[in-house]
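# Examining the three-dimensional arrangement
Here is how the chains run, residue by residue.
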Amino acid sequence: MCGIVGYTGNAPAVPVLLEGLEHLEYRGYDSAGVAVVSRDKGLQIQKCKGRLRTLREKLDSLPPLEGTVGLGHTRWATHGEPNDVNSHPHVSQNGRVAIVHNGIIENYAEIKQFLLHKGVAFRSDTDSEVVAQLLEYCFNDHSDPLDAVYAVLDRLEGAYALVILCADRPDMLIAARKDAPLLLGYGDGESFIASDATAIIAHTRDVAYMEDGEVAVLTRAGIQVFDQYRRPVEKEHHTIEWDVSAAEKGGYPHFMFKEIMEQPEALRQTISPRLKGGELCFDELPLTDEKLRSFDRIYLVACGSSYHVGMVGKYNLERFLRLPVEVCLASEFRYSAPLVDERSLVIVISQSGETLDSMAALREAKGLGGYILAIVNVVGSSIAREADAVLYTWAGPEIAVATTKAYSTQLALLTMFGLWMAKRLGRADGADYAAVTAELELLPGKLEKVLADTGIYQYLGSQYFSRDCVFFIGRNLDYALGLEGSLKLKEISYLHSESYAAGELKHGTISLIEPGTLVVALATYGALIDKAVSNIVEVRSRGAEVVALTTESLAGKLEGIATYTIAIPDTHPALQPNLGVAPLQLFAYYIALQRGCDIDKPKNLAKSVTVE
Ligand code: M6R
C-alpha cells in the first residue's frame, strides 16, 4: 500500500526522500510525489502518476526543490483514479499546508461538503485532500499548528498515517497515526518518519513505533510525541537488527527469486532458537499449562497466503491436538458473528503485521475474550503489539509482493507451535513428536536440495507460459498447498488458475478439463497417494497435461502417468508442504518471467494491505 517517508535535518531533503521511496516501491504503488519546505521558498511540490523514475525525470528537468525538511509518498489508489492530481502530497487551497496520507478517511465526503460550503476549492478526487483543506481552515482559529492538527484529528473518522508540512513552520514535520503504521527514526541532528523501516534503515536503526492516537513533532533537534490528550509520551526505542543489504537484491534478478532462495536460511532462523536437543521450546510465550488447558478450540485468522498457512495448519493442529480448529478469512471474520470466547485461542498470522483486515479481526476476537497469539514477521508491527503473545518468524525483510519465505516460515512455526502445545497438554504421540522434531532439524538442508536445480521449472515455464488456465489439484495437505501454488501463479503471472480438492473435481469442475488443459497435480501426501493417482488418471483420460509433484519415495506410483513428474525429498507428512511449496513458487516465477511480468511488483497488488 501507500508508502510514507519524511525527513528533517541538515542535508537536502529530496535525495533522502527519493532513496527512502525507492525502498518502499515494493509495497506497490501507482504514483509518487515529494514536498519540501524552506524559509525562502515556502512549500514546493512535485508529484506524478507512474513509477518513481518518472518522478525523478520530472525533478531532473526542473529547478531543484531546495529544503532540508520534506516528505515523500508513493500512492496506491483507493479514492480517485491514479493520476497526477490525485497523487500525494496534497496542498491546501492557499498553500499553507502539504500532507501525505495512508489509510482511508471514512467521513471525507461530509468534511468535503462542509468545506465546499465555506468556499474551499478542491483539486483532487481523493479522501486525503480533505485533511490538507481542513487543516488550513482550522488555522483560522488556531495559530499554533499543533492546535490545528488536534482540531482536525478530532473530526477525522477512519484510518490514517499522516505527515504534515506547514509553510510558516519550515523547521518541522507533524505526524499522526490511527490504524496505519508509522515509525520514528532518531538520527544525529536529523529525524525521520516512515511507514516502514526499509525507508530509513540506511540512515538510522534507532526507531520508535507510533501508537494509535499519538502525534509527533519532528525537528532536526529531536522528536516530541504526545498522546491523544496532548500529554507528552516517553517512547520506547528499538534497534533494527537486520542489515540494509537484506532489503537489497544482492545480484539476484528479482527480490522474489532471492527470497525463494533464502528460504533454507530463513527456516533455520525460525527453527533453531525453538528446537534444542530435540525438544521444542517456546520460552518467548507467556502461556502457562493451565492457560493452554483452558482452550477448547483454535481459530486461525489471516488473509491471502497467510490464510493458506492456516489451511495447512488446520490439518496439522487438529491431528496433533485433537481440538477443533477453524480457519477464517480475516476479511470475513468480524462480519460472521464469530463464536470466540475466553476458551478460544485465536492465532492471527501475518507477514507484515499491518494487514487491516487481520488487525480488525484481532480486535474483534480480543473484544470477545479470545486469547490472541500472533505469528508475524515484521518486528514491532501493529498486530505484534496488540496481540497477547507473539511468535516472530525471523525471516528477515520480505520485499517482493508475492510472499515466499514468510509463507514457509509461518508454516514451520505454526506446525512447531501445534506440536509443542500438544506435548505440553500431554497429547503428543511420542513417536510422532520425535519424528517431526528430527525432520525439523533436517528441513533447511532438504529445502536446499529442492532449490539446488531450477532447470526443470525454467523448462516448464517455457512450455506452459502461454496457457490460459491452470488447475491445481490435491488432497488433504496437498489441497491446502495447491491453494498457495495457485495464488502464487495468479498474482505474478496474471494467468488464471484454480485450486481444487482433487475429490471435488467429479462434482463439477471436471467439465472444464479438455485436451491440452494443464493440471498441476500435488501428490506428496503418502496416506492418499492411490487416490491422488486415480485423480491424475481421471484428468489424463480427458486429455489434460499433468505436471505432478510428488516425493522421492512415491515417485514410482506415478511412473508413466503424468506428463512431467517432479520428485522432492521425503520428510514427515506434517512438514511436507514446507518442501512442496518451493517448486510451486519456482513454477510461478518462471511462467511470470516468460510472460514478461513485473514479478516483484505485480499490477494492482500491494505488499501490505492497510485498507479494508
Ligand atoms: O502481511 P500479511 O501476511 O498479513 O498479508 C496477507 C496477504 O495480503 C498476503 O499474503 C498476500 O496474499 C500476498 N501477496 C501473497 O503472496
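The structure presented is a predicted model; accordingly, all values stated were derived computationally and were not measured. (Residues numbered from 1 in each chain as written. Predicted model: local features only at pLDDT ≥ 70, side-chain atom pairs only at ≥ 80, totals over all residues. Heavy atoms only, no water.)

### A look at the overall build of the chain
Tallying secondary structure elements over the chain gives 18 helices and 27 strands in all. For a compact globule of 612 residues, the expected C-alpha radius of gyration is about 25 Å, and the chain comes in at 26 Å, within 12% of that figure. If one aligns the C-alpha atoms of the chain with their principal axes, the spans along those axes are about 75 × 55 × 45 Å. When burial is assessed residue by residue, the chain has 60% of its 612 residues classed as buried. (Helix = DSSP H or I, 4+ residues; strand = E, 2+ residues; numbered from the N terminus. Rg over C-alpha atoms; globule rule 2.2 N^0.38 Å. Buried < 20%, exposed > 50% of the residue type's maximum accessible area, 1.4 Å probe, protein only.)

### A short note on the site of the ligand
For the ligand, the set of nearby residues contains 14 residues, the closest of which are S306, S350, S352, T355 and E491. E491 has a polar side-chain atom sitting 2.4 Å from an oxygen atom of the ligand. Here the ligand loses 90% of its free accessible area of 410 Å² to cover by the protein chains. Put simply, the parts of the chain that give the shell around the ligand at least two residues each are α9 (304-321) and α16 (477-493). Its residues assigned to classes, the shell around the ligand comprises four nonpolar, eight polar and two charged. Mapping the shell around the ligand onto the domain boundaries places at least three of its residues in each of domain 2 (248-451) and domain 3 (455-594). (Near = heavy atom within 4 Å. Polar contact = N/O pair within 3.5 Å; in protein donor to acceptor, adjacent residues only side chain to side chain. Areas by Shrake-Rupley, 256 points an atom, 1.4 Å probe, with all protein chains shown as cover. Nonpolar A, V, L, I, M, F, W, Y, C, P; charged D, E, K, R; others polar. Domains from an automatic or database assignment.)

### Side note on the pairing of strand β2 (residues 31-38)
Counting buried positions along β2 yields eight of eight residues, so the element is predominantly enclosed. Every second residue of β2 is oriented toward a common face, with S31, G33, A35 and V37 on one face and A32, V34, V36 and S38 on the other, all of them buried. By the bridge criterion, eight bridges tie β2 to strand β3 (residues 42-49) in an arrangement that is antiparallel. Looking at the pairing, A32 lines up with C48 of β3. (Pairing = 2+ DSSP bridges.)

### What about the sheet that holds strand β10 (residues 191-194)?
The strand order across the open sheet formed by eight strands is β3-β2-β4-β1-β10-β9-β11-β15, and the pairing between neighbours is antiparallel. Edge positions in the sheet fall to β3 and β15 (238-239), since each has one partner strand and no second. Where helix α1 (residues 13-24) meets the sheet, it contacts β1 (3-8), β2, β4 (69-75) and β10, and its direction lies at approximately 155 degrees from that of β1. Across the sheet, helix α2 (residues 52-60) touches β2 and β3, and the angle it forms with β3 is around 135 degrees. (Contact = heavy atoms within 4.5 Å. Axes fitted to C-alpha atoms, helices over the stretch in contact; angles between N-to-C directions.)

### Here we look at the pattern of salt bridges
The final tally for this structure, using the stated rule, is 32 salt bridges. Between E214 and K235 there is a salt bridge; the shortest N-O distance is 2.8 Å. Placement of the pair is E214 in the loop between β11 (206-209) and β12 (215-219) and K235 in the loop between β14 (232-233) and β15, with a sequence separation of 21 residues. Overall, E214 belongs to the buried group, its relative accessible area being 7%. Taking the relative accessible area as the measure of exposure, K235 reaches 14% and is therefore buried. For K423, the salt bridge is made with E279, and the minimal N-O distance between the two is 3.0 Å. With K423 in helix α13 (residues 405-424) and E279 in strand β17 (residues 279-280), the pair connects residues that are 144 residues apart, well separated along the chain. Here K423 falls in the partly exposed class, since its relative accessible area comes to 37%. When salt bridges with common partners are traced through the structure, they connect R177, K178, D179, D212, R363 and E386 into a single cluster. (Salt bridge = Lys/Arg side-chain N within 4 Å of Asp/Glu carboxyl O.)

### A word on the sheet that holds strand β18 (residues 297-302)
Strand pairing in a sheet relies on backbone hydrogen bonds. The paired strands run either parallel or antiparallel. Across the sheet, five strands lie side by side as β19-β18-β20-β21-β22; this open sheet has parallel pairing. The sheet terminates laterally at β19 (325-329) and β22 (389-392), the two strands that pair on one side only. Neighbouring strand axes in the sheet, compared pairwise and without regard to direction, differ in orientation by 20 degrees on average. Both strand β20 (residues 344-350) and strand β21 (residues 371-376) contribute to a ladder of six bridges, which runs parallel. Its bridge partner being in β21, I347 is matched across the sheet by L373. Contacts between α13 and the sheet are confined to β18, β20, β21 and β22, with β20 contributing the most and set at about 160 degrees to the helix.

### Comments concerning the packing of aromatic side chains
One pass over the structure, following the stated rule, counts 15 aromatic pairs. Ring centres 5.3 Å apart and planes at 65 degrees place the aromatic pair F282 and W420 in the edge-to-face group. Of this pair, F282 sits in the loop between β17 and α8 (289-294) while W420 sits in helix α13, and the two are 138 residues apart along the sequence. Its relative accessible area of 3% is what places F282 among the buried residues. Residue class for W420 comes out buried when judged on its relative accessible area of 5%. (Phe/Tyr/Trp six-rings, centres within 6.5 Å; stacked < 30°, edge-to-face > 60°.)

### Comments concerning unusual backbone geometry
Cis geometry marks the peptide bond from H88 to P89; its omega dihedral reads 0 degrees. Along the chain, P89 turns up in the loop between β4 and β5 (90-91). Positive phi, close to 50 degrees, is recorded for R322, a residue that is not glycine. Along the polypeptide, R322 turns up in the loop between α9 and β19.

### Remarks on the nonpolar core
Counting residues in hydrophobic clusters, the biggest one holds 93 residues, and the most contacted among them are L285, I298, L321, L345, I347, F417 and M421. Viewed by domain, this core spans two of them, domain 2 (248-451) and domain 3 (455-594), each represented by three or more residues. Apart from the residues within four sequence positions on either side, F417 is in contact with F282, L285, L287, L345, I347, L373 and L391. (Core = buried A, V, L, I, M, F, W, Y, C linked by side-chain atoms within 4.5 Å.)

### Observations regarding the pairing of β11
Bridging between strand β9 (residues 183-186) and β11 involves three bridges; their strand directions are antiparallel. Within β11, the position partnered with L184 by the bridge is A208. Alignment of β11 against β15, held across two bridges, turns out to be antiparallel. The residue bridging D206 from the neighbouring strand is T239, located in β15.

### Observations regarding the state of the cysteines
Applying the stated criterion across every chain yields a total of zero disulfides. Summary of cysteine pairing: C303 is not part of a disulfide, and the nearest cysteine sulfur, belonging to C328, is at 11 Å. We classify C303 as partly exposed; its relative accessible area is 21%. The class of C328 is buried, set by a relative accessible area of 9%. (Disulfide = S-S within 2.5 Å.)

### Topic: the domain arrangement of the chain
When its domains are assigned, the chain resolves into domain 1 (3-240), domain 2 (248-451) and domain 3 (455-594). Between the C-alpha centres of domain 1 and domain 3 the distance comes to 46 Å.

### Quick look at the side chain of D196
When you line up the elements, D196 lands in the loop between β10 and β11. Looking at D196, its side chain comes within polar contact range of the side chain of T198, at 2.8 Å.

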